[in-house]
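The chain contents come next:
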Amino acid sequence: MKKSIAIQIADVRRGEYSVLNSKIKRLLWILLRSPLYILALPSVLVLRIIRPWMLVRFNSLMSTRIGHFAANTELYICEHDANINRPVRRHIDLFYYGARPICNKQLAKMWKRTIHIWPAWFIAPIVRINRLIPDGAVHEIGNNTNNDRDVHNLLDKTPPHLAFTEKEEVKGQANLILMGIPLGAPFVCLTVRDSAYLESQLKREQGDWSYHDYRDNDVKNYVLAAEALADNGYYVIRMGVKVHEAINIDHPLIIDYATNGMRNDFMDIYLGAKCAFCITNGTGFDAVPTIFRRPIAYVNYVTVEDFSTFNSRFLGIFKHHFSIKSNQKLSLREIFMNDDGAPLMTSNYKSKDILLIDNTPEEIRDVVIEMHKRIKGTWQLHDDDELLQQKFWEIFRVDAVDKDERLLHGQIHSRFGASFLRNNQWWLE
């Protein structure tokens with residue numbers, strides 16, 4: 001008992017020390033930053049004075065997560081080029097990293113060649129002071145750097161804004177050879193989401209990432225698809241910064257890049273940019289092939305309401321939604337009627353007694369082979385395929401909006417997996 005009390009006293013003291021230490025660090029941070037904030041005030045006043053002749057706008061980049069770092073930034077440039085959210089007057093847009101760590105140094109290097117990225121220690125105080133003075137909103141770039149939805153279908157209309165230098169191309173090709181991939185050989189990026197990355201890399205942001213678990217997949221369900229692609233002459237590269245489990249296939253054309261020690265920031269971007277297509281269940285990495293205009297095969301997709309509909313190079317299928325109450329799978333119409341297509345947390349599905357069931361290995365194989373044949377121009381339509389597509393999109397909630405009332409969809413350019421619809425026609429009733 002005495003030992004227990006002593007331990008409790010020690011715990012309290014450690015807690016008090018931790019709080020005190022945190023307060024001291026915060027005070028030191030404020031003291032070190034205070035000169036920057038003092039200097040920021042005249043800078044803001046200068047910006048207001050020159051505004052009639054030159055408008056300076058700011059925005060932070062979502063640089064800790066590769067999906068937002070890639071997609072949001074590319075869409076800002078696309079929209080700027082298309083005169084969307086672009087001032088008529090003369091202006092300059094300046095960016096800074098809103099948080100650390102930067103998720104991919106190669107992507108950061110390429111963005112720095114494309115847009116104006118200035119140090120956060122200099123820009124952030126100016127942004128904060130600007131917000132304290134009325135009429136400062138015009139100096140902020142706005143929504144299109146905080147959104148990854150291509151509601152204007154610009155990715156289908158424009159070329160990529162990022163390019164590799166000649167030196168980087170040589171480096172990328174050399175690394176492909178080291179990985180055992182001959183130059184010119186087609187390869188597919190396979191990304192299978194699990195919780196390993198968030199658990200290991202982003203603990204400083206938040207301690208518990210289990211609310212994302214509904215998006216996780218079992219890599220073993222992708223073996224059949226990987227082998228089918230290898231039989232068609234593709235190298236299959238399993239992607240991932242950190243994963244729980246190796247893909248564990250003994251095949252010379254299937255490479256577990258996530259676990260074989262060859263993974264690095266540069267090759268993550270190079271592989272995503274050069275792949276024949278990418279297989280994904282909706283993770284951050286798939287934004288890389290997206291911004292380089294590569295085709296995407298989505299499988300095991302959840303939050304079906306925000307399915308990526310805006311690109312003609314996209315093809316996908318959803319996870320099955322099983323109702324525990326009714327003891328049966330839900331149709332597409334039931335998913336939308338019950339608002340089961342938009343939950344963003346594992347607990348949301350549990351509270352609705354919805355069990356998410358992964359696509360079968362055969363369903364995954366069928367959709368990736370459909371993508372392969374579409375790319376090769378050998379895909380053959382069945383008589384009722386277009387009718388099934390039409391039924392699907394009539395039910396799909398094309399007018400859905402996000403929590404900020406922004407549209408999630410523009411024109412529908414994507415397609416849903418043909419084999420899935422043929423084999424589950426009841427799903428469209």
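Bear in mind that the values here come from a model prediction, so they are computed numbers and not experimental data.

### Considerations on the overall build of the chain
- Within the chain one finds 14 helices and 13 strands.
- Buried residues in the chain amount to 49% of all 429 residues.
- Contacts in the chain between residues at least 24 apart in sequence constitute 73% of all its contacts with a sequence separation of at least 6.
- For the chain, the accessible surface area stands at approximately 21500 Å², while carbon and sulfur atoms represent 56% of it.

### What about the pairing of strand S2 (residues 91-97)?
- Of all the seven residues making up S2, six are buried; the element is thus mostly covered by neighbouring parts of the structure.
- Bridge analysis of strand S1 (residues 55-61) against S2 gives seven bridges, and the strand direction is parallel. Of the residues in S2, the one forming a bridge with Ser60 is Tyr96.
- Regarding topology, helix H2 (residues 66-81) serves as the crossover connection from S1 to the parallel S2, and that connection is right-handed.
- Across two bridges, S2 lies against strand S3 (residues 116-117) in parallel orientation. Across the sheet, Phe95 pairs through a bridge with Ile117, a residue of S3.

### Observations concerning the sheet that holds S1
- Strand order in the open sheet formed by three strands is S1-S2-S3, and the pairing between neighbours is parallel. In this open sheet, the two edge strands, each paired with only one partner strand, are S1 and S3.
- Sitting on the sheet, H2 touches S1 and S2, and the angle it makes with S2 is about 180°.
- Here helix H4 (residues 120-132) sits on the sheet and contacts S1 and S2; the angle it forms with S2, its principal contact strand, is near 115°.

### Some points on the pattern of salt bridges
- Here the structure, examined in full by the defined rule, presents 21 salt bridges.
- With its nearest N and O atoms 2.9 Å apart, the salt bridge here joins Glu169 to Lys274. Within this pair, whereas Glu169 is found in helix H5 (residues 166-178), its partner Lys274 is found in helix H8 (residues 265-274), the two being separated by 105 residues in sequence.
- Relative accessible area serves as the criterion here: at 35%, Lys274 is assigned to the partly exposed category.
- Lys403 serves as the salt-bridge partner of Asp404, at 3.4 Å between the closest nitrogen and oxygen.
- Overlapping salt bridges, with partners in common, bring together Asp402, Lys403, Asp404 and Arg406 in one network.

### Observations concerning H2
- Counted at 1.5 Å a residue, the expected span for H2 with its 16 residues is 22 Å, and the 23 Å between its end C-alpha atoms agrees.
- For H2, the buried fraction is high: 14 of the 16 residues fall into the buried class.
- Phi for Asn83, located one or two positions after H2, is positive at around 60°.

### Considering the side chain of Gln106
- Structurally, the position occupied by Gln106 is in helix H3 (residues 105-112).
- Filtering out sequence-adjacent residues up to four positions away, Gln106 remains in contact with Phe164, Glu168, Asp265, Phe266 and Ile269.

### Things to note about the nonpolar core
- In this structure, Leu271, Phe277, Phe318, Phe392 and Trp427 are the most contacted members of the largest nonpolar core, which totals 103 residues.
- Of all the elements, H2 adds the most residues to this core, at eight residues.
- With residues near it in sequence (within four places) discarded, Leu271 still touches Leu176, Met179, Phe187, Cys189, Ile237, Met239 and Tyr257.

### Here we look at unusual backbone geometry
- A cis amide bond links Arg100 to the next residue, Pro101, at an omega of 0°.
- Locating Pro101 in the fold gives a position in the loop between S2 and H3.

### Notes on the side chain of Ser419
- Tracing the backbone through its elements, the reader meets Ser419 in helix H14 (residues 418-423).
- Filtering out sequence-adjacent residues up to four positions away, Ser419 remains in contact with Asp366 and Glu370.

### Section: the sheet that holds strand S12 (residues 354-357)
- Ordered in space as S11-S10-S12, the three strands form an open sheet in which the pairing is antiparallel. The open sheet is flanked by strand S11 (328-329) and S12, the only strands paired with a single partner.
- Both strand S10 (residues 320-323) and S12 contribute to a ladder of four bridges, which runs antiparallel. From the neighbouring strand, Phe322 faces S12, where its bridge partner is Leu355.

Cut-off values and rules
Residues numbered from 1 in each chain as written. Predicted model: local features only at pLDDT ≥ 70, side-chain atom pairs only at ≥ 80, totals over all residues. Heavy atoms only, no water. Helix = DSSP H or I, 4+ residues; strand = E, 2+ residues; numbered from the N terminus. Buried < 20%, exposed > 50% of the residue type's maximum accessible area, 1.4 Å probe, protein only. Contact = heavy atoms within 4.5 Å. Areas by Shrake-Rupley, 256 points an atom, 1.4 Å probe, with all protein chains shown as cover. Pairing = 2+ DSSP bridges. Right-handed = clockwise from strand over helix to strand, strands pointing away. Axes fitted to C-alpha atoms, helices over the stretch in contact; angles between N-to-C directions. Salt bridge = Lys/Arg side-chain N within 4 Å of Asp/Glu carboxyl O. Expected span 1.5 Å × (residues − 1). Core = buried A, V, L, I, M, F, W, Y, C linked by side-chain atoms within 4.5 Å.

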